[in-house]
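# Structural features, examined
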Amino acid sequence: MSNNLKQLEGGRAAFAYQCVKDAQQAFGSNERGLKGQKAYKSYAKKIPMLIKTNGLGATFSYVLSKQKAESDKKEYAYKLLHDKTAEWLGKEDKSYLLAGAEGDDLISRLISLPSHRYRAVTVEVIALFTWLRRFADGLIDGEDED
């Protein structure tokens, strides 16, 4: 594996690990928080298949419609996943992926991409969620919600 590829995968892994740790902290460790963590784990596992089935734009439209802003609701997990995905794609070393995309939110930027960039972003998001799934599985106890 080339050095650049190792750096890229390592960066994804580190970011995904921190995302799961942040989700655990955001939900807390009380009974309701543990349900939120399990929902996060479940959604992190479900989103890649939704992307493959429905496409990236449709999946994140769905995520946007389901998310709640209150951290005591399990649907807050959708907000965390949406926001962290947007943050990952907005990182300086990923800026080429969304370069030229119009809009100030993730969905509007995704739907304004030319098809070759849209496919590249899709591959990148699935790669990120591969790591999110792994860490959510390892760090969050209990069975998935839903």
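Please read these numbers as outputs of a predicted model, since none were measured by experiment.

Rules and cut-offs
Residues numbered from 1 in each chain as written. Predicted model: local features only at pLDDT ≥ 70, side-chain atom pairs only at ≥ 80, totals over all residues. Heavy atoms only, no water. Core = buried A, V, L, I, M, F, W, Y, C linked by side-chain atoms within 4.5 Å. Buried < 20%, exposed > 50% of the residue type's maximum accessible area, 1.4 Å probe, protein only. Helix = DSSP H or I, 4+ residues; strand = E, 2+ residues; numbered from the N terminus. pLDDT = per-residue confidence, 0-100. Expected span 1.5 Å × (residues − 1).

A separate point is the nonpolar core. Counting residues in each nonpolar core, the largest one holds 39 residues, and the members touching the most others are Tyr40, Phe60, Val121 and Leu132. Among the elements of the structure, helix 1 (3-27), helix 2 (31-54), helix 3 (56-66), helix 4 (76-90), helix 5 (95-98), helix 6 (106-111) and helix 7 (115-139) are those that each provide at least two residues to this core. The biggest single contributor to this core is helix 7, with eight residues.

Here we come to the confidence of the model for the chain. Taken residue by residue, the chain gives an average pLDDT of 89. The fraction at 70 or more is 92%. Per-element mean pLDDT across the chain ranges from 82 in helix 5 up to 95 in helix 7.

The terminal C-alpha atoms of helix 2 lie 33 Å apart, and with 24 residues this matches the ideal 34 Å at 1.5 Å per residue to within 8%. At the exit of helix 2 stands Gly55, carrying a positive phi of roughly 100 degrees.

A word on the environment of Ala99. In this fold, Ala99 is placed in the loop between helix 5 and helix 6. Once the C-alpha coordinates of Ala99 and Phe135 are considered, the two residues, 36 residues apart in sequence, prove to be 29 Å apart.

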